[in-house]
Amino acid sequence: MFIQVKDLRKSYGQGGSYVEVLKGITLSLNKGEMCVIQGSSGSGKSTLLNCIGGLDLADSGSILVDDLEIVGLSLADLSNYRRRYLGFIFQMYNLIMNLTVRENIEVCRYLSDNPLDVDELLQILGLTEHQHKFPSQLSGGQQQRCAIARALVKNPKLLLCDEPTGALNSELSKEILILLEKINRQYGTTIVIVTHNNAIRNMVDRVVEIKDGIISENFENVNKITAKDLENL
Ligand code: ADP
Ligand code: MG
């Protein structure tokens, strides 16, 4: 098991503003699995993702990633963990605006002992011809592809995506999801995607739904459709 979350709890605030967001989440993911997390707005999807990614601290419970216990790590060890294991993709692309596409990717390459080849990534993500442009010269879909390349270049074992298609229209969203599936196949990256996009439910290995702070649905897709099928939809 690559990720094992056990009885994870997380709340925010105090007194009148106290809110219990995660009320005992238990979830296991295999290495190389592609999983989607769904649930209504405010249900705790980002909180769960951020706890797994060491961007937020759980109150109690356990999160094992590759047998490393994340809950209770010091901030320095969390930072090390993120650096060693993780790639993040967010709804907002968070690109560095005064660096070119290629430079945005290269700055993250140095975080890894085992990075991917930048030219190969540019090729896979269809960015070769845009590599010398600045983010402001790109469309939303191209910017998100650049953000994906940047998250991937250090060859992370785990890629966490929070509403990666949230700012894109449905055609571009499909394109991004097809790319994530391709990356999952090509590099065996374990990928967790928080999304409202229902089209993706059929093309991942596992679908998880959060409701009222607990997991209300968790099933494996036995007949998942491939990117190739999706391209023909
Ligand atoms: P989702 O991603 O499913 O929309 P979130 O995980 O962002 O939900 O938020 C879950 C709940 O936790 C919401 O009620 C939100 O207002 C609250 N929340 C999230 N982050 C914080 C924070 N840093 N401080 C206080 N409340 C927060
Ligand atoms: Mg969210």
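Residues numbered from 1 in each chain as written. Chains lettered and ligands numbered in written order. Predicted model: local features only at pLDDT ≥ 70, side-chain atom pairs only at ≥ 80, totals over all residues. Heavy atoms only, no water.

A. Geometry of the pairing of strand S2 (residues 19-29). Note that strand S1 (residues 3-12) and S2 share 8 bridges and pair antiparallel. Of the residues in S2, the one forming a bridge with Arg-9 is Lys-23. Hairpin geometry of S1 and S2 is characterised by an intervening segment of 6 residues between the two adjacent antiparallel strands and by a positive phi of about 75 degrees at Gly-13. (Pairing = 2+ DSSP bridges. Helix = DSSP H or I, 4+ residues; strand = E, 2+ residues; numbered from the N terminus.)

B. Spotlight on the environment of Gly-24. One can find Gly-24 in strand S2. Separated by 104 residues in the primary sequence, Gly-24 and Thr-128 place their C-alpha atoms 45 Å from one another. Apart from residues lying up to four places away in sequence, Gly-24 is in contact with Asp-7, Leu-8, Arg-9, Gly-213 and Ile-214. (Contact = heavy atoms within 4.5 Å.)

C. Fine view of helix H1 (residues 45-52). With 7 of its 8 residues buried, H1 lies for the most part within the structure. Looking at H1, one finds that the buried residues are Lys-45, Thr-47, Leu-48, Leu-49, Asn-50, Cys-51 and Ile-52. At the C-terminal side of H1, Gly-54 shows a positive phi close to 70 degrees. (Buried < 20%, exposed > 50% of the residue type's maximum accessible area, 1.4 Å probe, protein only.)

D. Representation of the packing of helix H3 (residues 101-109) against helix H5 (residues 140-152) in the model. Closest axis-to-axis distance for the H3/H5 pair is 8 Å, and the angle between their directions is 25 degrees. What the angle tells us is that H3 and H5 run roughly parallel. For the pair H3 and H5, the crossing hand works out as right-handed. Residues Val-101, Asn-104, Ile-105 and Cys-108 of H3 pack against Cys-146, Ala-149 and Arg-150 of H5. Here the contact of H3 with H5 is built from residues that sort into 5 nonpolar, 1 polar and 1 charged. (Axes fitted to C-alpha atoms, helices over the stretch in contact; angles between N-to-C directions. Parallel < 35°, antiparallel > 145°, perpendicular 65-115°, else oblique. Left-handed = near helix turned anticlockwise from the far one by under 90°. Nonpolar A, V, L, I, M, F, W, Y, C, P; charged D, E, K, R; others polar.)

E. Looking closely at the packing of H5 against helix H6 (residues 170-187). Two numbers describe how H5 lies on H6: the axes approach to 10 Å, and their chain directions differ by 20 degrees. If you check the angle between H5 and H6, you find them roughly parallel. The handedness of the crossing between H5 and H6 comes out as right-handed. Note on element contacts: H6 touches H5 through Leu-172, Glu-175, Ile-176, Leu-179, Leu-180 and Ile-183, opposite Gly-141, Gln-144, Arg-145, Ile-148 and Leu-152. Partitioning the contact of H5 with H6 into residue classes produces 7 nonpolar, 2 polar and 2 charged.

F. Region of the structure containing the pattern of salt bridges. Enumeration according to the criterion identifies 11 salt bridges in this entry. In this structure, Glu-209 and Arg-201 form a salt bridge, with 3.7 Å as the shortest nitrogen-oxygen distance. For Glu-209, a relative accessible area of 24% corresponds to the partly exposed category. (Salt bridge = Lys/Arg side-chain N within 4 Å of Asp/Glu carboxyl O.)

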